[in-house]
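Each chain, written out:
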Amino acid sequence: MSKVGIIMGSTSDMPVMQESIDILKSFGIEVEVDIVSAHRTPDKLFDYGKNAHTRGINVIIAGAGGAAHLPGMIASLSPLPVIGVPVKSSNSIDGWDSVLSILQMPGGVPVATVALNGAKNAGILAAQILGSSDNQILQKIIDYKESLKQKVLEGSKNVKK
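Structure report, in brief. Worth saying up front: this structure is predicted, and the values here are computed from it rather than measured.

Criteria and thresholds
Residues numbered from 1 in each chain as written. Predicted model: local features only at pLDDT ≥ 70, side-chain atom pairs only at ≥ 80, totals over all residues. Heavy atoms only, no water. Buried < 20%, exposed > 50% of the residue type's maximum accessible area, 1.4 Å probe, protein only. Helix = DSSP H or I, 4+ residues; strand = E, 2+ residues; numbered from the N terminus. Pairing = 2+ DSSP bridges. Right-handed = clockwise from strand over helix to strand, strands pointing away. Core = buried A, V, L, I, M, F, W, Y, C linked by side-chain atoms within 4.5 Å. Contact = heavy atoms within 4.5 Å. Axes fitted to C-alpha atoms, helices over the stretch in contact; angles between N-to-C directions. Parallel < 35°, antiparallel > 145°, perpendicular 65-115°, else oblique. Left-handed = near helix turned anticlockwise from the far one by under 90°. Nonpolar A, V, L, I, M, F, W, Y, C, P; charged D, E, K, R; others polar. Salt bridge = Lys/Arg side-chain N within 4 Å of Asp/Glu carboxyl O.

1. Details of the pairing of strand E1 (residues 3-8)
Okay, so step 1: Along E1, six of the six residues are buried, which leaves the element largely enclosed by surrounding structure.
Okay, so step 2: Neither face of E1 is open: one carries Lys3, Gly5 and Ile7, the other Val4, Ile6 and Met8, and all of them are buried.
Okay, so step 3: As paired elements, E1 and strand E2 (residues 30-35) share six bridges and run parallel to each other. If you follow Val4 over to E2, its bridge partner there is Val31.
Okay, so step 4: Regarding the hand of the β-α-β motif, the stretch spanning E1, helix H1 (residues 14-26) and E2 is right-handed.

2. Description of the nonpolar core
Okay, so step 1: Counting residues in hydrophobic clusters, the biggest one holds 26 residues, and the most contacted among them are Val4, Ile6, Leu24, Ile61 and Val85.
Okay, so step 2: Looking at this core, the elements that each hand over two or more residues are E1, H1, strand E3 (59-65), strand E4 (82-87), helix H5 (119-131) and helix H6 (135-159).
Okay, so step 3: Broken down by element, this core gets its largest block of residues, six residues, from H5.
Okay, so step 4: Ile6 has contacts with Met17, Ser20, Ile21, Leu24, Val31, Glu32, Val33, Asp34, Tyr48 and Ile61, leaving out every residue within four places of it along the chain.

3. Let's talk about the environment of Pro86
Okay, so step 1: On the secondary structure map, Pro86 appears in strand E4.
Okay, so step 2: The exposure class of Pro86 is buried, given its relative accessible area of 0%.
Okay, so step 3: With 13 residues separating them in the primary sequence, Pro86 and Val99 have C-alpha atoms 5.2 Å apart.
Okay, so step 4: If we skip the residues at most four places from it in the chain, Pro86 touches Ala64, Ser98, Val99, Ile102, Thr113, Val114, Ala115, Leu116 and Asn117.

4. Things to note about the packing of H5 against H6
Okay, so step 1: Two elements in contact, H5 and H6, have axes separated by 8 Å at closest approach and are oriented at 135°. Considering their axes alone, H5 and H6 lie oblique with respect to each other. For the element pair H5 and H6, the recorded crossing hand is left-handed. Every residue of H6 that contacts H5 at Lys120, Ile124, Ala127, Gln128, Leu130 and Gly131 is listed here: Ile137, Leu138, Ile141, Tyr144 and Lys145.
Okay, so step 2: Of the residues contributing to the contact of H5 with H6, the split by class is seven nonpolar, two polar and two charged.

5. Considerations on the pattern of salt bridges
A side chain with one charge can pair with a side chain of the opposite charge if their charged atoms come near.
Okay, so step 1: One pass over the full model with this rule turns up six salt bridges.
Okay, so step 2: A salt bridge links Asp34 to Lys44; the shortest N-O distance between them is 3.1 Å. Note that Asp34 is positioned in strand E2 and Lys44 in helix H2 (residues 42-51), a separation of ten residues in sequence.
Okay, so step 3: Judged by relative accessible area, Asp34 falls into the partly exposed class, the value being 27%.

6. Considerations on unusual backbone geometry
Okay, so step 1: A positive phi angle, near 50°, is found at Ala68, a position not held by glycine.
Okay, so step 2: Residue position: Ala68 is located in the loop between E3 and helix H3 (70-77).

7. Points about the sheet that holds E4
Okay, so step 1: Spatially, five strands are ordered E2-E1-E3-E4-E5 in an open sheet, and the strand pairing comes out parallel. The sheet is open, and its two borders are formed by E2 and strand E5 (112-113), each paired with just one other strand.
Okay, so step 2: Direction of pairing for E3 relative to E4: parallel, over a ladder of six bridges. Counterpart to Ala62 in the pairing with E4 is Gly84.

Right under this line is the structure:
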């Protein structure tokens, strides 16, 4: 069974990160959600990063605002793919600090980074990563993308009326 770990720096990130949880659950993918602060709980961060793969997690989605060190620190510790979600938080500089903190990783420590508050896309990307080796998940992604296409075609048809 595939599992995605979804972590965030604080509970204030939950409204954004909920989109990852929702889309993954819609694909039937198990999620494990936790609060792991890079700055306030460094011991928990180290434990999570070093041991997530031993608990059956296959991909990690890490959301953080402000200085946003969580995704990069997790990526430095874990052998798993990490997807970073920059969160526009109350202490953020229009979200750019979060985007750049996650995006500008040094060589050897990759973090796939989605758009500001782009947790839904992080969930879809995690599902696509899992789908590359799981045909059931892959089919759900194919069906999802077909539904997106159908929505656009329906909208096009309605506009032409």
